[in-house]
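Letter by letter, the chains look like this.
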Amino acid sequence: MSERPTALVTGASRGVGAAVARALAPTHDVILGGRDERALAALAADLPGARPWPVELTRVTAADVAGVERLDVLVHSAGMSRLGRIADQPADAWRQTMELNVIAVAELTRLLLPALRRAGGHVVCVNSGSGQRANPHWASYAASKFALRAFADALRLEEPELRVTTVYPGRTATDMQREVRAYEGGAFEPEKYLEPETVARALLAAVMAGPDAHLTELTVRPRGGPVN
Ligand SMILES: NC(=O)c1ccc[n+]([C@@H]2O[C@H](COP(=O)([O-])OP(=O)(O)OC[C@H]3O[C@@H](n4cnc5c(N)ncnc54)[C@H](OP(=O)(O)O)[C@@H]3O)[C@@H](O)[C@H]2O)c1
């Protein structure tokens, strides 16, 4: 049996989650959550101790996490955004966003709580600047991230043996940001955004801060851009 701590990362097939998995892999055995089995297998082949965990998070059940007896780190990175004015957003857009960004996070955490408690583990929620401020066209996404923040705050109080960190990144150069820029009608300019690896390093700082430290919230913005 491995002596190394175990981490489970959702959204590990690409973007921020993949960068977090890479950052954790030197010190943790990483369970790679996502839907794209080919991408998960390719990443797992690159990271010693990692294994793919193909999952549709909006339908996660106890059977999906059977065998995870002890979990040191749980990173919720999977997420989605459907931008649009409130006047144009059907209930379906709200439901899909809340299902993935909030309800799946709550359910996966609930299912893994026994394993997290056994390890005195750490739960990290990848939130967003939209979880701190709601802007026009971003209502359903911002509402989901405000809810995610509430989830993390309540979890921290209910489970004092765990550490719970919310990370609020600004714009990050991933597929999601590509879609955001397409909606906004602007160019995708990665040099103006955070690199996913930078978000991962910030997140890692919270995980590695030492057992006596509890970094509860971390705001990360692209340098030189708006800081609010
Ligand atoms: N990019 C930004 O500018 C930005 C800024 C602030 C915060 N964030 C937050 O950072 C997190 C990561 O975003 P990202 O930019 O890395 O996004 P991304 O590149 O679009 O990747 C999304 C990830 O979520 C997974 N996923 C989506 N729906 C899923 C489902 N139903 N079941 C299982 N997995 C699912 C995808 O897996 P598959 O590809 O395998 O389907 C993929 O790994 C999100 O929570 C996002 O809200 C992003």
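Residues numbered from 1 in each chain as written. Predicted model: local features only at pLDDT ≥ 70, side-chain atom pairs only at ≥ 80, totals over all residues. Heavy atoms only, no water.

In the annotation of an unreviewed UniProt entry, the entry for the protein reads Short-subunit dehydrogenase, and the organism field reads Nonomuraea fuscirosea. Under the UniProt heading Sequence similarities (unreviewed entry), the note attached to the protein is "Belongs to the short-chain dehydrogenases/reductases (SDR) family." (UniProt positions renumbered as here; feature names shortened; annotations may be inferred.)

So, on to the packing of aromatic side chains. In this structure the tally under the stated criterion is 2 aromatic pairs. Relative to Tyr193, the ring of Phe188 lies with its centre 5.5 Å away and its plane at 55°, an arrangement referred to as tilted. Its relative accessible area of 23% is what places Phe188 among the partly exposed residues. Note on Tyr193: relative accessible area 8%, which makes it buried. Against the face of Phe188 rests Arg178, its NZ or CZ located 4.0 Å from the ring centre. (Phe/Tyr/Trp six-rings, centres within 6.5 Å; stacked < 30°, edge-to-face > 60°. Buried < 20%, exposed > 50% of the residue type's maximum accessible area, 1.4 Å probe, protein only. Lys NZ or Arg CZ within 6 Å of the ring centre and 35° of its normal.)

On to the sheet that holds strand 4 (residues 73-76), then. Read from one edge of the open sheet, 7 strands run 3-2-1-4-5-6-7, paired in parallel fashion. Of all strands in the sheet, those with a lone pairing partner are strand 3 (51-54) and strand 7 (217-220), marking the two edges. Neighbour-to-neighbour, the strand axes of this sheet turn through a mean angle of 15°, independent of strand direction. Bridge count between strand 1 (residues 6-9) and strand 2 (residues 29-34): 4 bridges; the pairing is parallel. Its bridge partner being in strand 2, Leu8 is matched across the sheet by Ile31. (Pairing = 2+ DSSP bridges. Helix = DSSP H or I, 4+ residues; strand = E, 2+ residues; numbered from the N terminus. Axes fitted to C-alpha atoms, helices over the stretch in contact; angles between N-to-C directions.)

The ligand sits among 28 residues. The nearest are Ser13, Arg14, Asp36, Tyr141 and Thr174. Glu56 is positioned such that a nitrogen or oxygen atom in its side chain is 2.7 Å from a nitrogen atom of the ligand. Contacts to the ligand include Gln177, whose side-chain N or O atom sits 2.8 Å from an oxygen atom. Contact with the protein chains covers 94% of the free accessible surface of the ligand, which is 900 Å². The set of elements that each furnish at least two residues to the shell around the ligand consists of helix 1 (15-24), helix 4 (139-158) and helix 5 (175-184). No other element matches the 3 residues that helix 5 contributes to the shell around the ligand. Along the lines of polarity and charge, the residues of the shell around the ligand split into 9 nonpolar, 12 polar and 7 charged. (Near = heavy atom within 4 Å. Polar contact = N/O pair within 3.5 Å; in protein donor to acceptor, adjacent residues only side chain to side chain. Areas by Shrake-Rupley, 256 points an atom, 1.4 Å probe, with all protein chains shown as cover. Nonpolar A, V, L, I, M, F, W, Y, C, P; charged D, E, K, R; others polar.)

Here the focus is the pairing of strand 6 (residues 163-169). Among the 7 residues that make up strand 6, 7 are buried, leaving the element largely enclosed by the rest of the structure. The side-chain alternation of strand 6 yields two buried faces, one formed by Arg163, Thr165, Val167 and Pro169 and the other by Val164, Thr166 and Tyr168. Where strand 5 (residues 122-126) meets strand 6, 5 bridges bridge the pair, whose relative direction is parallel. From the neighbouring strand, Cys125 faces strand 6, where its bridge partner is Thr166. The parallel pair strand 5 and strand 6 is bridged by helix 4, and the resulting crossover is right-handed. (Right-handed = clockwise from strand over helix to strand, strands pointing away.)

Tracing the backbone shows Gly120 in the loop between helix 3 (91-119) and strand 5. Among all residues touching Gly120, those that are not within four sequence positions of it are Glu161 and Leu162. (Contact = heavy atoms within 4.5 Å.)

Moving on to the pattern of salt bridges. For the coordinates displayed, the defined rule picks out 13 salt bridges. Among the salt bridges present, the one from Arg35 reaches Glu56, with a minimum N-O distance of 3.7 Å. In this pair, Arg35 sits in the loop between strand 2 and helix 2 (37-46) while Glu56 sits in the loop between strand 3 and strand 4, placing the two residues 21 residues apart along the sequence. Between Arg171 and Glu184 there is a salt bridge whose closest N-O contact spans 2.9 Å. Taken together, the residues Arg171 in the loop between strand 6 and helix 5 and Glu184 in helix 5 connect sequence positions 13 residues apart. Residue Glu184 is classed as partly exposed on the basis of its relative accessible area, which comes to 31%. In this structure, a network of salt bridges that share partners links the residues Arg171, Arg181 and Glu184. (Salt bridge = Lys/Arg side-chain N within 4 Å of Asp/Glu carboxyl O.)

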